[in-house]
Protein chains: 2
Amino acid sequence: MEVKKKARLAKEASQSLAILSSSQKDTALELMAQALEKHIPDLIAENKLDVDMADKNGRSRALIDRLILNEERIKAMAEGLRVIKALPDPVGEIISQWKRPKGLEIGQKRVPLGVVAIIYESRPNVTADAIGLCIKTGNAIVLRGSSEAIHSNKAIVKIMTEAAYSVGIPVGSIQLIEDTRRESVQELVKLNGLIDVVIPRGGAGLIKAVVENATVPIIETGVGNCHVYVDGRCDLDMALDIVVNAKVQRPGVCNAAETLLIDRTIAPELLPRIVEELKNNKVEIRGCDETIKLIPDAKAACLEDWFEEYLDYILAVRIVDGVEEAIEHINIYGTGHSEAIVTSDYFNAEKFLNQVDAAAVYVNASTRFTDGYEFGFGAELGISTQKLHARGPMGLKELTTIKYIVRGQGQIRE
Amino acid sequence: MEVKKKARLAKEASQSLAILSSSQKDTALELMAQALEKHIPDLIAENKLDVDMADKNGRSRALIDRLILNEERIKAMAEGLRVIKALPDPVGEIISQWKRPKGLEIGQKRVPLGVVAIIYESRPNVTADAIGLCIKTGNAIVLRGSSEAIHSNKAIVKIMTEAAYSVGIPVGSIQLIEDTRRESVQELVKLNGLIDVVIPRGGAGLIKAVVENATVPIIETGVGNCHVYVDGRCDLDMALDIVVNAKVQRPGVCNAAETLLIDRTIAPELLPRIVEELKNNKVEIRGCDETIKLIPDAKAACLEDWFEEYLDYILAVRIVDGVEEAIEHINIYGTGHSEAIVTSDYFNAEKFLNQVDAAAVYVNASTRFTDGYEFGFGAELGISTQKLHARGPMGLKELTTIKYIVRGQGQIRE
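Overview of the structure. Model, not experiment: these values are computed from the prediction.

## Quick look at the interface of chain A and chain B
1) Next: Opposite the 56 residues of chain A that make contact, chain B presents 56 residues.
2) Next: Those elements giving two or more residues to the side of chain A that touches chain B turn out to be helix H9 (204-213), helix H10 (236-248), helix H15 (346-355), strand S13 (360-365) and strand S16 (400-411) of chain A.
3) Next: Looking at the side of chain A that touches chain B, the element that brings in the most residues is S16 of chain A, giving 11 residues.
4) Next: For the side of chain A that touches chain B, the per-class residue count stands at 25 nonpolar, 19 polar and 12 charged.
5) Next: Pairing geometry for S16 of chain A and strand S13 (residues 360-365) of chain B, over 5 bridges, is parallel. Residue pairing across strands places Ile-405 of chain A opposite Val-361 of chain B, the latter belonging to S13 of chain B.

## Focus on the relation of the copies chain A and chain B
1) Next: Between the two copies, chain A and chain B, the superposition gives an RMSD of 0.1 Å; the rotation angle is 180 degrees and the shift along the axis is 0.0 Å. In the structure described here, the two chain copies are related by an operation that fits a two-fold rotation axis. Using C-alpha coordinates, one finds that chain A approaches the rotation axis most closely at His-389 of chain A, a distance of 1.8 Å.
2) Next: A symmetric contact is evident, with 100% of the interface residues of chain A recurring at the interface of chain B.

## Thoughts on the packing of helix H5 (residues 71-86) of chain B against helix H6 (residues 125-136) of chain B
Think of two packed helices as two axes; the pair is described by the angle between the axes and how far apart they sit.
Residue and element names in this part refer to chain B.
1) Next: Look at H5 against H6: their axes get within 9 Å of each other, and the N-to-C directions meet at 15 degrees. Relative to H6, the element H5 lies roughly parallel. The chirality of how H5 crosses H6 is right-handed. Across the interface between the two elements, Arg-73, Met-77, Gly-80, Leu-81 and Ile-84 of H5 pack against Asn-125, Ala-128, Asp-129, Gly-132, Leu-133 and Lys-136 of H6.
2) Next: For the contact of H5 with H6, the residue count by class is 5 nonpolar, 3 polar and 3 charged.

## Examining the pairing of strand S1 (residues 94-99) of chain A
All names here are of chain A.
1) Next: Burial analysis of S1 places just 0 of its 6 residues in the buried class, a small minority of the element.
2) Next: Pairing of S1 with strand S2 (residues 105-112) involves 5 bridges; the strand directions are antiparallel. In the sheet register, Ile-94 faces S2, and the bridge partner there is Lys-109.
3) Next: Here S1 folds back onto S2 in antiparallel fashion, the turn holding 5 residues, of which Gly-103 has a positive phi close to 100 degrees.

Definitions and cut-offs
Residues numbered from 1 in each chain as written. Chains lettered and ligands numbered in written order. Predicted model: local features only at pLDDT ≥ 70, side-chain atom pairs only at ≥ 80, totals over all residues. Contact = placed C-beta atoms within 7 Å. Helix = DSSP H or I, 4+ residues; strand = E, 2+ residues; numbered from the N terminus. Nonpolar A, V, L, I, M, F, W, Y, C, P; charged D, E, K, R; others polar. Pairing = 2+ DSSP bridges. Least-squares fit on C-alpha atoms with pLDDT ≥ 70 in both. Axes fitted to C-alpha atoms, helices over the stretch in contact; angles between N-to-C directions. Parallel < 35°, antiparallel > 145°, perpendicular 65-115°, else oblique. Left-handed = near helix turned anticlockwise from the far one by under 90°. Buried ≥ 20, exposed ≤ 12 C-beta atoms within 10 Å, placed from the backbone.

Below is the structure:
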């Protein structure tokens, strides 16, 4: 009942929200930012209820860290809304317009998607981000966060909706599903006609559950089994830097490298250097048979290791026969996220760029750059690993669709 | 077994197909066209098996008409391939490229989707069209036609694949699922990792079955409950022409009008004229209570009529209070396909364009123009009624995705 009712309210509000001016939406973003800053003590108090409960339930340190709101984090949420405010509004852009022989003028216009549902896990800052991104792009939003963050989410949504509705954002545009049972997700992802797109943000389990149950179109985000391939001809120091950066700069994120592929001709010289540096960074190595010959104290990798997104200080290592075998490995085991080659060979670079099937393919740079901010989009809603609608880092445009606007003078079809 | 095996073969072939040059693909299109022309008698003979079976099973005249292949239709299929050949190849286009502060050069490149599955009904020309569109865009294709056209489809696929593979299209790129049981669709739409997109082409029942079962991303096509709204201030002759054209020029297609909405102020003067002309065209009228007062011999419309896509010589008619009520009606009952207003009022025209939520919105023109050829795209894969990835008539670009190509000089993330 709650899910469908709230989705319907969002749908109704979406029609007026879609045609608000940019300045109305930007005013609301500024006011929402101010409201968060004004209510820092209240937000911290509500958040403490969630944190205490997580503590009591013995949840992991990592989860609790993601859950905690403090003054700095709340200020960062407000600042995030101002960053979104400062970006150009994509809605209303005429992408192209042309005239047909009979005089019909056809324009392709950028419009909001309508109602966007976000299903996510325990980070409460996602709540503020997602509301900001949706309001900026004229979309109503239905939020379904986890039970662990429910007090925080309720407080954030209450503060932000009051601010938004006070300056003309249509009442109903922002909805939080408070039913955090599994069933509420199941219901939400089948509301065709009310929800235009579902974006799951979280781990592989959450995404799988959404993909398997959804009848509403979805944008899959996140799972990254990323590779760095070190080619036979390359700058050795550059290869070392890129592999280490891709693995250890922030191992818990989706664009971190999980497997190193290295050409047989360079492995005896380079692999021990790379492994030494990785071990200095406490990275565990799981190698193929040939890797073990060069690095006798490495663990042996099994088939599962090639598929695994560790998100941890672990790196699988495989010695390969050149760029073709590297590409083949990546296209079999990869998740289509971010893939890099380190090479000084022109043809191998081009082959890798053309034949690796992934959202972002790099030559001589770390996979860690796959990110809306690093790409220059100013904001990010996640990184799509699917091919339909959005692929790679998603900016504001990915929360829009197009509509054909046709102006005639009485034309009929012969 | 057959479905997964063939999908896997398509997936394997898709990697080499994706990087073929435009001239290789165009040569194949020309050869496929010639092969169809060369085998006209064989195709007609195989088609006769399907037509005889449909006859024997007492299938409708309309179905048999869609099923029949004759010399003219086969030549039109070949000509369709040459039209596709003549279009520019969208694959490989760099849509944009920019440089980031650290020197990374990021390019957004258009690439094939990979493997496209088409699930369709009894028209065998869809088989040739879909193969042509996929080969042009570097996509492998898995076809799942209906049992009624199986002999025709097998013959078309055999002739076209032999021609294509003889000039370097990778063997495996074109697959026909010969198992026409319902189960083969169920299996196909769940092959994530092998199939990149499923496009159902057919009636509402087929599309619903695919939407409800698919875990692979889909592009919904086709269902069109389209409206013409005649505003209080308008050119009466133009309104008459547009309503009649939208209803009767070809009633069996998705962009034909199903409901006429007419402003109360103009109805007494204009509606009898429109209805008379429609009756001359054998159109049955189903009207709201107020319509019945003006047109006493019209049938009374019930709630279902506002939802119905007749695809027939039937028109629902409702008298409304101005443009707002028309927009409200359309956004409740419409399917987001094609919607038209006939008006000479500037503000009502703009309001209709902005507030109607549909793929194509018209001012003073017939809804019948929603079509890839009429829009100038040169080819059409169907008309998307969803908002993700593609909306409205789909041309070649809608069979592609993008990939970020990032060229660095050793950049790592700080």
